[in-house]
Amino acid sequence: MLFDYFSARHEPERGLELERRMVDYYSTNASYYEMIHFATSAWTDPAEHMHADMIRQAQHGKVGEIGCGRAQILTSGQVDPANYTGCDFSSEMLAQNRRDFPQATFRAIQADRPLPFEDSSVDVVLSVFVLEHVVWPARFLADLARICKPGGRIVLLCPDYYSRLSMASQIIGHGIDSGMQKLKRGHVVDAVWSSWVARWLLPAYLKKRLGGAGDDPVFLMNANPSCFSRPFYPDADAVYVTHFGEIERTLQGHGCLYRPDWIAPDARLLASQRRLIYGVFEKCKV
């Protein structure tokens, strides 16, 4: 089967199987958090307008970062650690974070449990390159809305896979090189096949599966991300074909309004140029 995707909304049994495989993958790759620890400089580079904007957003009260990793936002020196709580799965990484940022709070995420925050307890909910790795996006987004205070904000950054009509974790041909790289190495057949799949077949497939997802969310999942069978590279473990329409509609259903006017213009422009979803949502007051 060339493409193996399913709807997390309509095929929950396949979601459970994918979740099991992903848990096994992360639990047997002890170096995973080292492999994904990159781009720290983005939080201190003034040309990284989205990161600068997220720092500005994070200055609006108590911050809860979901999938915090190494809590890199704190390296900027512009976010008060005493107002920051980060959560993630790795107990070893969280222990290191506590040593690096003793004034901040760090909590462990447990599989099949809600996020470790009380209802309406966070002014700024931050999620940076996490959503694309989530097997149950609707549940995840609902939990972000749950922990956000009325009048607070949810700040999301992730790839825009539907806009790109591509999926970083899709296995195409042999190896992880691009069609041009394969051609330079003399792998002509594989290069032609890979280019055809990437430029024509996969975009047509994703467009067909997700054309109406903004009105009727699908939450399309890659059931066989390349991390299971290829060497690791960034987003080899991405599973959710991110779709802004689905995200916006789901958060709206939980009382959250998209607020592009709260985003700096240079951040919006950079997100568009890089085909990233950068969204700020207000949790509306009842």
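Everything numeric here is computed off the predicted structure, so don't read it as measured data.

A.B. asks: Which residues make up the overall build of the chain, and what are the values?
C.D. replies: Scanning the chain from terminus to terminus reveals 10 helices and nine strands. Radius of gyration (C-alpha) of the chain: 19 Å, near the 19 Å computed for a compact globule of 286 residues. Along the longest, intermediate and shortest principal axes, the C-alpha atoms of the chain span 55 × 40 × 40 Å. For the chain, buried positions account for 49% of its 286 residues.

A.B. asks: Hey, could you go over the packing of helix α3 (residues 49–57) against helix α10 (residues 265–273) for me, with residue numbers and the actual values?
C.D. replies: Direction vectors running N to C along α3 and α10 enclose 135°, while the axes themselves pass 8 Å from each other. Relative to α10, the element α3 is oriented oblique. As for how α3 packs across α10, the hand of that crossing is left-handed. Residues H49, M50 and D53 of α3 lie in contact with α10, whose contacting residues are D266, A267, L270 and A271. Looking at the contact of α3 with α10 residue by residue, the class counts come to four nonpolar, one polar and two charged.

A.B. asks: How would you explain the sheet that holds strand β5 (residues 122–128) if you had to name every residue and give the values?
C.D. replies: Taken together, seven strands build an open sheet; the order of strands is β4-β3-β2-β5-β6-β9-β8 and the sheet is mixed. In the strand order of this sheet, the two ends are held by β4 (105–108) and β8 (256–258), each with one partner. When the angles between neighbouring strand axes are averaged without regard to direction, this sheet yields 20°. The pairing of strand β3 (residues 84–88) with β4 spans four bridges and is parallel. From the neighbouring strand, D88 faces β4, where its bridge partner is A108.

A.B. asks: Which residues make up the packing of aromatic side chains, and what values do they have?
C.D. replies: Per the counting criterion, the structure on display carries 12 aromatic pairs. With centroids separated by 5.4 Å and ring planes inclined at 65°, the aromatic side chains of Y25 and Y26 adopt a geometry described as edge-to-face. Accessibility expressed as a relative area gives 28% for Y26, which makes it partly exposed. One cation-aromatic arrangement involves R107 over F117; the distance from NZ or CZ to the ring centre is 5.2 Å. A cation sits over an aromatic face here: R153 above W262, 4.1 Å from the ring centre.

A.B. asks: Can you explain the side chain of S76? Please cite residues and give values.
C.D. replies: With respect to the helices and strands, S76 occurs in the loop between β2 (63–66) and β3. Within the structure, the side chain of S76 is placed 3.2 Å from the backbone nitrogen of Q78, a separation counted as a polar contact. For S76, the residues in contact, after removing those within four places along its chain, are W43, T44 and I55.

A.B. asks: Tell me what's going on with α3, and back it up with residues and numbers.
C.D. replies: Burial in α3 covers these residues: M50, H51, D53, M54, I55 and Q57. For α3, the secondary structure elements touched by its buried residues are β5, β6 (148–159), α10 and β9 (276–283).

A.B. asks: Give me the environment of S229: which residues, what numbers.
C.D. replies: Its location among the elements puts S229 in the loop between β7 (220–222) and α9 (244–252). Distance from S229 to I171, taken between C-alpha atoms, is 9.0 Å for residues 58 residues apart in sequence.

A.B. asks: Give a description of the state of the cysteines that names residues and reports values.
C.D. replies: Taken as a whole, this structure holds zero disulfides when the rule is applied. The closest cysteine sulfur to the non-disulfide-bonded C68 is located on C87, 6.3 Å from its own sulfur.

A.B. asks: I'd like to hear about a nonpolar patch on the surface, residue by residue, with values.
C.D. replies: Together, L2, W193, W196 and W200 make up a nonpolar patch on the protein surface, roughly 460 Å² of accessible area in all. Considering the arrangement of structural elements, one finds W200 in helix α8 (residues 188–210). Looking at W200, the relative accessible area reads 59%, which means it is exposed.

A.B. asks: Lay out the pairing of β9 with the relevant residues and their values.
C.D. replies: Along a regular strand, successive side chains alternate from one face of the sheet to the other. Most of β9 sits out of view: eight of its eight residues are buried. Burial of the side chains of β9 extends over both faces: L276, Y278, V280 and E282 are buried on one face and I277, G279, F281 and K283 on the other. Where β6 and β9 come together, seven bridges link them in antiparallel fashion. If you follow R153 over to β9, its bridge partner there is E282. When β8 meets β9, the two strands line up antiparallel, connected through three bridges.

Rules behind the numbers
- Residues numbered from 1 in each chain as written.
- Predicted model: local features only at pLDDT ≥ 70, side-chain atom pairs only at ≥ 80, totals over all residues.
- Heavy atoms only, no water.
- Helix = DSSP H or I, 4+ residues; strand = E, 2+ residues; numbered from the N terminus.
- Rg over C-alpha atoms; globule rule 2.2 N^0.38 Å.
- Buried < 20%, exposed > 50% of the residue type's maximum accessible area, 1.4 Å probe, protein only.
- Axes fitted to C-alpha atoms, helices over the stretch in contact; angles between N-to-C directions.
- Parallel < 35°, antiparallel > 145°, perpendicular 65-115°, else oblique.
- Left-handed = near helix turned anticlockwise from the far one by under 90°.
- Contact = heavy atoms within 4.5 Å.
- Nonpolar A, V, L, I, M, F, W, Y, C, P; charged D, E, K, R; others polar.
- Pairing = 2+ DSSP bridges.
- Phe/Tyr/Trp six-rings, centres within 6.5 Å; stacked < 30°, edge-to-face > 60°.
- Lys NZ or Arg CZ within 6 Å of the ring centre and 35° of its normal.
- Polar contact = N/O pair within 3.5 Å; in protein donor to acceptor, adjacent residues only side chain to side chain.
- Disulfide = S-S within 2.5 Å.
- Patch = residues over 30% accessible without salt bridge, like charges linked within 9 Å, V, L, I, M, F, W, Y side chains within 5 Å.
- Areas by Shrake-Rupley, 256 points an atom, 1.4 Å probe, with all protein chains shown as cover.
- Salt bridge = Lys/Arg side-chain N within 4 Å of Asp/Glu carboxyl O.

In short, geometric facts, not functional conclusions.
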